[in-house]
Amino acid sequence: MSVAQLSPKHNLQQEREDLAATFRWTARLNMHEGVANHYSLAVNEDGTQFLMNPNQMHFSLIKASDLLLLDANDPSSMEGPDAPDPTAWGLHGTIHRHLPHARCAMHVHSIYATVIAMMEDSSLPPFDQNSAMFFNRVAIDTEYGGLAFEEEAQRCCQLLADPSKQVLVMGNHGIMVVGATVADTFNRLYYFERAAETYVKALWTGKPLRRLSDEVAEKTAREIESYPEQGDKLMIAIRQILERDGEDFRL
């Protein structure tokens, strides 16, 4: 696909490098799933052209140059040797076709978020500061029906149509996180997994938990949303550490 239509506002190489760096960091955090799962990033104004990882390449090996540049409105994207994973195309293609606010989308089966997704009640109650940042900001899908082909993808997309819901707990499956940038989205993905881990381990104690009030939870969520540049600073740190360690993600 030609990139001639891309807006000059976008630094395509920078965006490729940021996305590649998050794949590498996800692998370091052991939040990957073998050669499955997928991240994508819209790179044109209406969000329909997007970068995504190649089919079944381990996150720890992905470089900026490996990322596919796809068009959500072009069915021929599924033809040829470089075709993306069919479920990734179904899920991410649908999101980028219909949800221009969801410029970045990250889907994983990370352990603790998936534990939450398996529970009868898949909500994440505000028991600590990290979980409070997601108060009233999570959608939950309870209708898992198999791999994320057309019907599954459409339902997930509809649940993320409200811009205030930037996390989708995919019941019996995993998690989808969306955002405006790679840094914003990965920061949210990271903190949801951390909050889920803390919650699950707190449940293991069998002791009563002290839940924050709705008022405090909402206040905390708003304060974190306005906290200056946290996601950007994390992205910079991730790149610096990868470069320090000689990782070739920028190639």
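Residues numbered from 1 in each chain as written. Predicted model: local features only at pLDDT ≥ 70, side-chain atom pairs only at ≥ 80, totals over all residues. Heavy atoms only, no water.

(A) A look at the packing of helix H1 (residues 12-28) against helix H8 (residues 230-244). One can describe the packing of H1 onto H8 by two numbers: an axis separation of 10 Å at closest approach and a directional angle of 75°. Regarding the angle of H1 to H8, the classification is roughly perpendicular. Touching Gln 14, Glu 17, Asp 18, Ala 21, Thr 22, Arg 24, Trp 25 and Arg 28 of H1 are Met 235, Ile 238, Arg 239, Ile 241 and Leu 242, all from H8. (Axes fitted to C-alpha atoms, helices over the stretch in contact; angles between N-to-C directions. Helix = DSSP H or I, 4+ residues; strand = E, 2+ residues; numbered from the N terminus. Parallel < 35°, antiparallel > 145°, perpendicular 65-115°, else oblique. Contact = heavy atoms within 4.5 Å.)

(B) How the structure looks around the side chain of Arg 188. The residue Arg 188 is located in helix H6 (residues 182-204) in this model. Here Gln 166 takes part through its side chain, which lies 3.0 Å from a polar atom of the side chain of Arg 188. Excluding anything up to four places from it in sequence, Arg 188 contacts Phe 134, Gln 166, Val 167, Val 177, Val 178 and Gly 179. (Polar contact = N/O pair within 3.5 Å; in protein donor to acceptor, adjacent residues only side chain to side chain.)

(C) Focus on the pairing of strand S4 (residues 104-108). Counting buried positions along S4 gives 5 out of 5 residues, so the element sits mostly inside the fold. Of the two faces of S4, the one holding Cys 104, Met 106 and Val 108 and the one holding Ala 105 and His 107 are both buried throughout. In this sheet, S4 lies alongside strand S1 (residues 38-42) in antiparallel orientation, the contact comprising 4 bridges. When the bridges of S4 are listed, Tyr 39 appears paired with Met 106. Relative to strand S7 (residues 174-179), S4 is paired through 5 bridges, and the arrangement is antiparallel. (Buried < 20%, exposed > 50% of the residue type's maximum accessible area, 1.4 Å probe, protein only. Pairing = 2+ DSSP bridges.)

(D) Examining the packing of aromatic side chains more closely. Scanning all chains against the criterion turns up 7 aromatic pairs. Between the aromatic rings of Phe 50 and Trp 89, the centroid separation amounts to 6.2 Å while the plane-to-plane angle is 25°, which identifies the pairing as stacked. Taken together, the positions of Phe 50 in strand S2 (residues 49-52) and Trp 89 in helix H2 (residues 86-98) put the pair 39 residues apart, joining distant regions of the chain. For the residue pair Phe 50 and Trp 89, the accessibility class agrees, reading buried in each case. Seen in terms of ring centroids, Tyr 190 and Tyr 191 are 5.2 Å apart; in terms of plane orientation they differ by 85°. Their pairing is edge-to-face. On the basis of relative accessibility, which here comes to 22%, the residue Tyr 190 falls in the partly exposed class. (Phe/Tyr/Trp six-rings, centres within 6.5 Å; stacked < 30°, edge-to-face > 60°.)

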